[in-house]
Protein chains: 2
Amino acid sequence: MSDTTAHSGLDGLDTPFLAVDLAVMDRNIERLAGRLRGTGIRLRPHAKSHKCIEIARRQIDSGAIGLTVATVGEAEVFAEAGFIDLFIAYPLWVTAQKARRLRQVASRAALRVAVDSAAGAQQLAEHLGDLPITVVIEVDSGHHRTGVAPDQAGPVAAAARSAGLNVVGIFTFPGHGYTPGHRAEVAAQESHALDTAAASLRAQGIDPSVRSGGSTPTVGAADDTVLTEVRPGVYPFNDAQQLELDVCTLDDIALSAVTTVVHARGRTAVVDAGSKILGADRPGWATGFGRVIDEPDARIVALSEHHATIEFPGAAPPPGTRLRVAPNHLCNAVNLVDSLVIDAADGVRHWAVAARGANT
Amino acid sequence: MSDTTAHSGLDGLDTPFLAVDLAVMDRNIERLAGRLRGTGIRLRPHAKSHKCIEIARRQIDSGAIGLTVATVGEAEVFAEAGFIDLFIAYPLWVTAQKARRLRQVASRAALRVAVDSAAGAQQLAEHLGDLPITVVIEVDSGHHRTGVAPDQAGPVAAAARSAGLNVVGIFTFPGHGYTPGHRAEVAAQESHALDTAAASLRAQGIDPSVRSGGSTPTVGAADDTVLTEVRPGVYPFNDAQQLELDVCTLDDIALSAVTTVVHARGRTAVVDAGSKILGADRPGWATGFGRVIDEPDARIVALSEHHATIEFPGAAPPPGTRLRVAPNHLCNAVNLVDSLVIDAADGVRHWAVAARGANT
């Protein structure tokens, strides 16, 4: 809690900005890659979390087989940068315009796309049925967002096959694992759903060779008798949610907003990082709108666009103090900046958030 | 709730994107300007909401005396674009680097800055005491974020004057007006706080010629016997929060995310707009994560980065349907896109969100 809390190479930069401790990030990337090396599970990290070419390269260099993305726009950015194996894990509604863009991506990279309805499969086949893209069926393992019930995966897969698509398996996102104390239970539901869906595909004579799951909270409990692939996104950085879910420790958090105290009274301080750099995510179980890395017992009790109000266990630090704040949900925080400030042993550099704002 | 719900000129654009109905926006801008013309209250709109040169020009053309901004970065963008009267309504902690940037802004525009502590005033005076900038003291009218207690405004103003600064008045942000049913009460608190603070300045022999308040929810009840200026931000567009606070009607909402249904089951649909285009803001009193303009009785019950889960009163619209969603808090939504899609009588154009990401 002093002017020198943040790395000295960062001192010349105006706050707020997002800083990445490169040594911690590299350790996080290698730790998960190392854990998976001894299993049959392949790693296909979700690039929506970092949106950054340099970080995706490090993931591939550590053994990832390809990338996961959420949008056609993200696929365009990573295909353009030379990534040759991309999975758009989203049940796209393929219009003529999106089809033109997907065709371009498919000319550069092996492309896998998601389907969760017969209508979506038909739409995809009409526009892109001639391409050698592969299709996986999205399954709802309990998050209740998109995806079909596990026992309906076979019929949807059969409809996709009838439309002329090459169905290679199933995937799910166990997003309901973002609840304290439920990781093992949710990982078991994920395995069970994929197992049921795999049987449903086999009943239609379709081989579910891809059985993809995994999120940062559940990846540690992934069952390698069922899953062939995992798609965590947050693990290179970690954030306040992962800390409060007991997925990581404070030392594992590689990304923070570097902020300055602008107002202090008693035990309360206000810093210059708000929802326009931290994002406004706050699940009901979170202790606040992020966590102060330099004072873990502090609580961020209010957030507006350029203010975070922090209550400290003792006297608040005075105006001018720099503090590091871990966002609750880094995927939305990273998407708010043009570049990440990389704090490395050999100095400070900037990496572009190349797919920032690639929503379509 | 059909493919043609959105204006036909928008149909060729991939979803999601933020569209502005120009006729509604122009009506909103003129309505407030007209209401204030008959009073002694001047309009200094907050540009953080739209971050857009073209919209700021329309505000000035309708009679606004200048702009309010939240950051030095926003001031740089609007000064560069030729706006000559800027107020940074934020208690900046002025470092050497920020001072260099402020000096540049002050070379182009009349600059007013905020102070809410003697330490902040001292810091400002040390770096920029030689410039002809003006200073206003931030007062806490009940929002309890930054600002001093109203009766402490005088002593802080006196400290600023002693440091060599030109104190011209006081300002407050009545952010606690963002609660249903409290607008009139909060507007009264705002007036009372500014009145008390004005007396506190006068007791120090300082003329509080600027008494600035106002937010979109409270501006309609601004007391022109106390306030000389208001700084609403959201009013050109309006959003789901303003709708649910009864500040506007559905017809007054000029900005929406145009989205596509990608998944439907029973009364539930999922669209391709999530927190990466709507923002994740959700006050406790909101009915959901935004409002569906085409079906006001629908509720957005869950939000992730690229998914909004919507419950409809009847059968959900099928995949491929386009829907317009008003974000809860448009300031954060606008900051997520590079440009706004302007839907005008003579066609569709794009306006850059020129100050997007200008956080420092």
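Please read these numbers as outputs of a predicted model, since none were measured by experiment.

Q: How should I be thinking about the domain arrangement of chain A in this particular structure?
A: All names here are of chain A. Partitioning chain A into structural domains gives domain 1 (39-236) and domain 2 (241-352). Each of domain 1 and domain 2 has a C-alpha centre, and these two points are 32 Å apart. Across the boundary between the two partners, domain 1 contributes 17 residues, which contact 14 residues of domain 2. Summing both partners gives a buried area of about 1400 Å² for domain 1 against domain 2, and 67% of it is carried by carbon and sulfur. Linking domain 1 with domain 2 are zero salt bridges, by the criterion used here. Summed over the shared surface of domain 1 and domain 2, the number is three residue pairs in polar contact (both at pLDDT 80 or more). The element contributing the most residues to the side of domain 1 that touches domain 2 is helix α2 (residues 53-61), with three residues. Its residues placed into classes, the side of domain 1 that touches domain 2 shows seven nonpolar, five polar and five charged.

Q: Mind showing me how you'd approach the nonpolar core here?
A: Within the largest apolar cluster, 103 residues are counted, with the highest numbers of intra-cluster contacts made by Phe78(A), Leu86(A), Ile88(A), Ile137(A), Phe237(A) and Leu340(A). Here this core gets six residues from one element, more than from any other, and that element is helix α1 (residues 22-37) of chain A. Shared between two domains, this core holds at least three residues of each, these being domain 1 (39-236) and domain 2 (241-352) of chain A. In contact with Leu86(A), other than residues within four places in its own chain, are Arg44(A), Leu67(A), Ala75(A), Phe78(A), Ala79(A), Val105(A), Ala109(A), Ala110(A), Leu111(A) and Arg112(A). Ranked by size, the runner-up nonpolar core spans 101 residues in total, among them Val72(B), Leu92(B), Ala198(B) and Leu303(B).

Q: Mind showing me how you'd approach helix α6 (residues 153-162) of chain A here?
A: Because an α-helix packs 3.6 residues into every turn, residues spaced three or four apart end up facing the same way. Taken together, the buried positions of α6(A) are occupied by Ala153(A), Gly154(A), Val156(A), Ala157(A), Ala158(A) and Ala160(A). Positive backbone phi, approximately 105°, marks Gly164(A), located one or two places after α6(A).

Q: Would you explain the interface of chain B and chain A in this entry?
A: A common way to express how large an interface is: the accessible area buried when the components associate. Listed per partner, the contact involves 51 residues of chain B and 51 residues of chain A. In total, about 4200 Å² of surface goes out of reach between chain B and chain A, with carbon and sulfur atoms giving 48% of it. The interface formed by chain B and chain A holds six salt bridges in total. For Asp14(A), the salt bridge goes to Arg101(B), with nearest N and O atoms at 2.5 Å. Our enumeration of links across chain B and chain A arrives at 28 residue pairs in polar contact (both at pLDDT 80 or more).

Calculation notes
- Residues numbered from 1 in each chain as written.
- Chains lettered and ligands numbered in written order.
- Predicted model: local features only at pLDDT ≥ 70, side-chain atom pairs only at ≥ 80, totals over all residues.
- Heavy atoms only, no water.
- Domains from an automatic or database assignment.
- Contact = heavy atoms within 4.5 Å.
- Buried area = accessible area lost by both parts, 1.4 Å probe.
- Salt bridge = Lys/Arg side-chain N within 4 Å of Asp/Glu carboxyl O.
- Polar contact = N/O pair within 3.5 Å; in protein donor to acceptor, adjacent residues only side chain to side chain.
- Helix = DSSP H or I, 4+ residues; strand = E, 2+ residues; numbered from the N terminus.
- Nonpolar A, V, L, I, M, F, W, Y, C, P; charged D, E, K, R; others polar.
- Core = buried A, V, L, I, M, F, W, Y, C linked by side-chain atoms within 4.5 Å.
- Buried < 20%, exposed > 50% of the residue type's maximum accessible area, 1.4 Å probe, protein only.

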